[in-house]
Structures are given as structure tokens and as C-alpha cells.
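Reading the structure
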Number of protein chains: 2
Amino acid sequence: MDEFGLIQQYFKRQNIPNSKVILGVGDDAAILKVSEGQSLVACVDTMVSGVHFHPDVSPSSLGYKLAMVNLSDIAAMGATPVWATLCLTLPGIDEAWLESFSNGLFEALDKCNVQLVGGDTTKGPMTLSLQLGGEVVHDKALARHGATVGDDVWVSGSLGGAAYALDLLAKSTSIDTLQSGSRLRLERPEARVELGLALQGLASACIDVSDGLLADAGHLCASSKVAVDFELSALPLHPSLSELNSPDMALPYALAGGDDYELLFTAGSAQCGKIAELSGPLGIELTKIGSVLNGGVIRCLYNGADVSADHQHLRGFNHFSPH
Amino acid sequence: MDEFGLIQQYFKRQNIPNSKVILGVGDDAAILKVSEGQSLVACVDTMVSGVHFHPDVSPSSLGYKLAMVNLSDIAAMGATPVWATLCLTLPGIDEAWLESFSNGLFEALDKCNVQLVGGDTTKGPMTLSLQLGGEVVHDKALARHGATVGDDVWVSGSLGGAAYALDLLAKSTSIDTLQSGSRLRLERPEARVELGLALQGLASACIDVSDGLLADAGHLCASSKVAVDFELSALPLHPSLSELNSPDMALPYALAGGDDYELLFTAGSAQCGKIAELSGPLGIELTKIGSVLNGGVIRCLYNGADVSADHQHLRGFNHFSPH
């Protein structure tokens, strides 16, 4: 099997009738429609073997997660994902791997009606990169820069589950004996696409929690030129963290863990009721965890007492970080 | 320096006032305008160290070529490039490398008024991936599937120069002593963006010559369900090939070399005059090198005699090809 056979067999089998795709896989570039009154939203994420995933993780989970990680960025903009392109760098052709990987990728893309429209296949150390394009009504995107003093800070779902699972694996727990809830958080995150769309007109700023709550809150604060106070006792900890004996042991996973792919967003207090009402229909927990203040510092409170000093070291994941 | 410092210092310094970019580097995704009446054109190309480039090639040339290779795909669609996202996987931070690489990248992007609007930076074996977005008037894109029997086959510029340079390097010629013309063809190809735009309404099908003339003609023929006869004596060979003693030695570089980034296109014979007239103003040689026929076979003629059997093995570059 060569490069063209590989594309034909594994990456041209998706059959979504997507009216936005004028020309898909197989030309120099894809041609896509962007609806009138909509802006294009574009993002990209790369996963490297040995860095973002263990070399023996299931290829299906890998494909699923690659798609969801990108879909999460589109969700954080309040946009509708539409199309994807894939850059696949592989050491060689392993048909069982390709079958499983493409199954997982398409399972995730199909959930959101996203069509794979092109890409590039090259030989080299395994590196997987997906680019997503979506649409959002003009001026309705959820950027990071709109938070204002007095807004509430919210987070979707729960925090810390993926990081806790990763930590257990590092301590030689086998992936098969990992508690299923935390394993799913690590391997098969769910992008909050519907929530992002529902937050249009309600949220003032939004970011997805991929680097860790404190790190991503830092990005949002820097863009919005504001500060945030978090009330740590309110954080929605992932259920798997309950087996830890104390908040002191559980909180670092929720604050710095990363890989959660939940939405962290701000909204005026007048929106509180409307936001709470979204939770039921979407089936997603939504928790108020803090408030927006003046200044540029993120403070951690526990039952109102400032415990920031205890958590200063939890800066979140950063490639090329000196430590 | 960490990931965020790297992006800030090397990849946020471009300052094109591009009215299509609503939100660039620094959010979960970029937000872009697509003009009314235009379709979006999207493509992506990856370059892997040791596969697509020698590890000690100049980083500036690498950045330049990464951009041009992608711009060539946009050119082959007859589209106007607008924005780019970059996935940079690097083994570590080398500031001199980043300075030089980003200089070369921006030199090429600036030539075409393309703005870098986002990307992803990860640690791992060096893999460079650029995604480009462009615009084309609805129904005016140059796809591969429009060639019809009786059309002429054209190619821009010259063929074989990059492959010949690569071959000399493999035979231990130092890159500094390489003839400057062929070195430029290898390291700093020029995407034919203006030509692609000028061919709207004239060309019936178009592809860029990246895998080699025969391989890319094969893709065009397969999409258009036609055959092509090439007249090899008409091929515009790169001047550096003149130091070879015979056409038999020079032709393989032109037929199978790849990395030429010229446009191979078809057009009705009624367009011959108009196409020839584009050459002067654009400063690009345009040569009629064959004709479109029925069937699915590519034939090579030399002064009218069928010499296909001599060139059957020149199938062009193919990742994961069994030989």
C-alpha cells in the first residue's frame, strides 16, 4: 500500500452529505462554502508520540482525542465545526493501526457532523495534526478578551480526572485496571460544542481548559486585562478524585492538571439564571467557581480565606517550560 | 523561554494590515472573514527533518520553502492566499534557529500578503506543518477534474532543477558549491500564485508539479478521466540540466523529479493566444508540452515517436512507496 492507497482506503470513507463542502479530499486544496453572515473560525492541534500520548495507547482513542481536542477549541469560540484537514506523519504503514485510528477519528468527527476534506501524509516520527474550520455568526464568537469586572466565572463538567488518571498510569497502574471514569476523561474527552453555541450572547469571555484551570484562567485574564478570585471549595472535582483523602491532595489535579477540555467562561451576574438553565437540557454540570476583579492576579480562596500561596506553583502544562 | 514566549517573540511580529483577519494569534482559534461571493480554499503541507530536508539546511530556506510549497497548492486552485496557521514540533528551543526560520517563513508569506493567525507549538522530533486558507470566486477554482479531450497541456517555468540539485547533494556536492540556479530551485521555490489567478476562466484543469510531472499528470488524468500525450522534446528543462550530455540523462529529472512547484494545466486550443500573452507580464515561461486524449494512459513521445517504455519507471515521489 502506498500513500494514495492509504488515503483512499482509510480517509475517504466518510460519507456525510455536508452542503458546505464543495470539493473534498483529492485535489491540491479543498473548496468550502462559508455561509453569508458567518465568519470562519480556524484552529489546529498537534499530538506527538511520547509527549501527548503513550506509544501503546489505543489508536482508536488517539484518533478520537485528536478530533475532540480540536473540537474543544472550536467550542470555546462558540462556533459550529464544519470541516477538518489531517496531517499524518507515520514511521510506516500499519494497516491495523490505520483502521483503528481512522475509526476513532471519524467517530468523533461524525458526532459533530465534521467532514475530513484534505490533508498530507508523510513518513517520519509519529506526529498527528488536525486542523478544524468552523463558522460563527459575525460578532458572536466567544473570545478570551471580553471579561469585565463583576462577571461571574463558570466552568463546565468536572476538573482533574484526566490528570489523575495520567498520574496513576505514571505510577505503573495498568491502563486496563484504571477506573473507567477517569480513563474516559483521559482517552475520550468530549468537546463542549453545544454548550459553546448556547453561550453565545450569554458569556462575556471563554477559553477551554486544556493547560489546566490556573494556566488557562491566566490566559483569559491577560487577554481581558482583569483578575480572578477562585473559590476552591466550589470546584467541581472529578468523582475519581474522591478516593484521595483530602482537598489538599485533590486540588492540584483540578487546578493544574490540564487535558480537561471543559469550558471556562465569564458572564454578567444577570445571566446567572439563564446559564443555570442550560445545564439540564445539555446534560452538562455548570458551576460558578469565582468572580472577575480588577488587577492581573489570580487568587485562590478556600471558604473565603486566601490560600493562593499554597497553589502558586501550579502553573499548568507548558511545552518547553524550564521545569 | 517557554512556549508562550516563543510565540510572542518569533511568531507575533508580522504586521500586515489584513482586513480579512478579525482575530489572529492568541485565542482558542482565529476568526476570519470570507468575502461574499467567494469560497474558502484550504490546504496543508508537512515537512519532516531527514525526509523533506537535510537536518543542516538553512532554517530560513526551510521557512521560506514551507510557505511556498503550501502557496503552490493555493496557486494551483487559482485562489488568493489569505491566512496561515503553523504547527511547529521542535526537539527544543534554539533561538538562532527560530529567528532564521521565522524570517524565511515571513519573507514568503509577506510576498503574498498572507497573515499567520494561529498554530500549535509542541516538543518532539522536528516536524513543520503549515495550513493555508485562501479565497476564490464561487465556481472559478481550478480543480483537477476539468480537462477535456482536445485540450492543450501546458507547464509553467522549467522542470527538473530541484531534483538535479538534490541528486548532486546526494553525490556529496556541498550545498555551498551548488550552482546558484539549481540551489534556488531546491531551497527557494516560487509559488505561481499570480499565474493561478490569471488562469481563471482560461485553464480547464490545473495541478502543481510537486511529485514529478508524470505522477502529477497521472493525478490530473485520473480526476478528469482522460489521457495525455507529452512531447518530451518540448519540455522546458531547467538550465542547470544543460551540463548533462544528453536528453536521456536530463529527462528523468524533469519527468519524475518533483519539488518543481510549477503549474501543470490544460486549456482549450482557443485559449492558446491568451495564455501565451500572460507570459511576458508575469515574467514566467509558459510552454505547451502535450495534448489531452481519450483513455487513461500517459504517453511520452519524442519528436512524435512513442518512447513511453523508456520512462515507465519514472512514477514520481510517493511516501510509503514500496520501492
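Owing to the predicted nature of the structure, the values given are computational and were not obtained by experimental measurement.

Okay, the interface of chain A and chain B next. Counting from both sides, the interface comprises 61 residues of chain A and, opposite them, 63 residues of chain B. Together, the buried faces of chain A and chain B total about 4,900 Å²; carbon and sulfur atoms form 62% of this surface. Along the contact surface separating chain A from chain B lie four salt bridges. Among the ionic pairs, Asp27(A) bridges to Arg144(B), the shortest N-O distance being 3.5 Å. Inspection of the chain A/chain B interface yields 14 residue pairs in polar contact (both at pLDDT 80 or more).

Moving on, we get to the pattern of salt bridges. Pairs can form between side chains of opposite charge whenever their charged atoms are close. Under the criterion given, the structure shown has 28 salt bridges over all chains. Of the charged contacts in the structure, one is a salt bridge between Lys20(B) and Glu135(B), with a shortest N-O distance of 3.1 Å. Linking Lys20(B) in the loop between helix H1 (3-11) and strand S1 (21-23) with Glu135(B) in strand S6 (residues 127-137), this pair joins segments that are 115 residues apart in sequence. Here Asp229(B) and Arg299(B) are joined by a salt bridge, their closest N and O atoms 2.7 Å apart. Placement of the pair is Asp229(B) in strand S9 (residues 227-231) and Arg299(B) in strand S12 (residues 298-302), with a sequence separation of 70 residues. Classification of Asp229(B) as buried rests on a relative accessible area of 10%. Among the ionic contacts, a cluster of salt bridges with common partners joins Arg185(A), Arg192(A), Asp260(A) and Glu262(A).

All names here are of chain A. Assigned domains within chain A: domain 1 (3-137) and domain 2 (152-309). Relative to domain 2, the C-alpha centre of domain 1 lies at a distance of 26 Å. On the domain 2 side, the residues contacting the 20 residues of domain 1 number 17 residues. At the boundary of domain 1 with domain 2, total buried surface from both sides reaches about 1,500 Å², with 54% on carbon and sulfur atoms. Applying the counting criterion to the domain 1 and domain 2 interface returns three salt bridges. Applying the counting rule to domain 1 against domain 2 returns eight residue pairs in polar contact (both at pLDDT 80 or more). Taken together, the elements giving at least two residues each to the side of domain 1 that touches domain 2 come down to helix H2 (59-76), strand S4 (80-90) and helix H3 (95-111). Among the residues making up the side of domain 1 that touches domain 2, the classes are represented as eleven nonpolar, five polar and four charged.

Here six strands make up an open sheet; going across it, the order is S5(A)-S4(A)-S6(A)-S3(A)-S2(B)-S1(B) and the pairing mixed. The open sheet has two edge strands with one neighbour each: strand S5 (115-123) of chain A together with S1 of chain B. On average, adjacent strands in this sheet sit at an angle of 25 degrees to one another, irrespective of strand direction. Pairing geometry for S4(A) and S5(A), over eight bridges, is parallel. Residue Ala84(A) lies in a different strand from S5(A), and its bridge partner there is Leu116(A). Strands S4 and S5 of chain A of the sheet are contacted by helix H1 (residues 3-11) of chain A, whose axis makes an angle of about 145 degrees with S5(A).

The rules behind these values
Residues numbered from 1 in each chain as written. Chains lettered and ligands numbered in written order. Predicted model: local features only at pLDDT ≥ 70, side-chain atom pairs only at ≥ 80, totals over all residues. Heavy atoms only, no water. Contact = heavy atoms within 4.5 Å. Buried area = accessible area lost by both parts, 1.4 Å probe. Salt bridge = Lys/Arg side-chain N within 4 Å of Asp/Glu carboxyl O. Polar contact = N/O pair within 3.5 Å; in protein donor to acceptor, adjacent residues only side chain to side chain. Helix = DSSP H or I, 4+ residues; strand = E, 2+ residues; numbered from the N terminus. Buried < 20%, exposed > 50% of the residue type's maximum accessible area, 1.4 Å probe, protein only. Domains from an automatic or database assignment. Nonpolar A, V, L, I, M, F, W, Y, C, P; charged D, E, K, R; others polar. Pairing = 2+ DSSP bridges. Axes fitted to C-alpha atoms, helices over the stretch in contact; angles between N-to-C directions.

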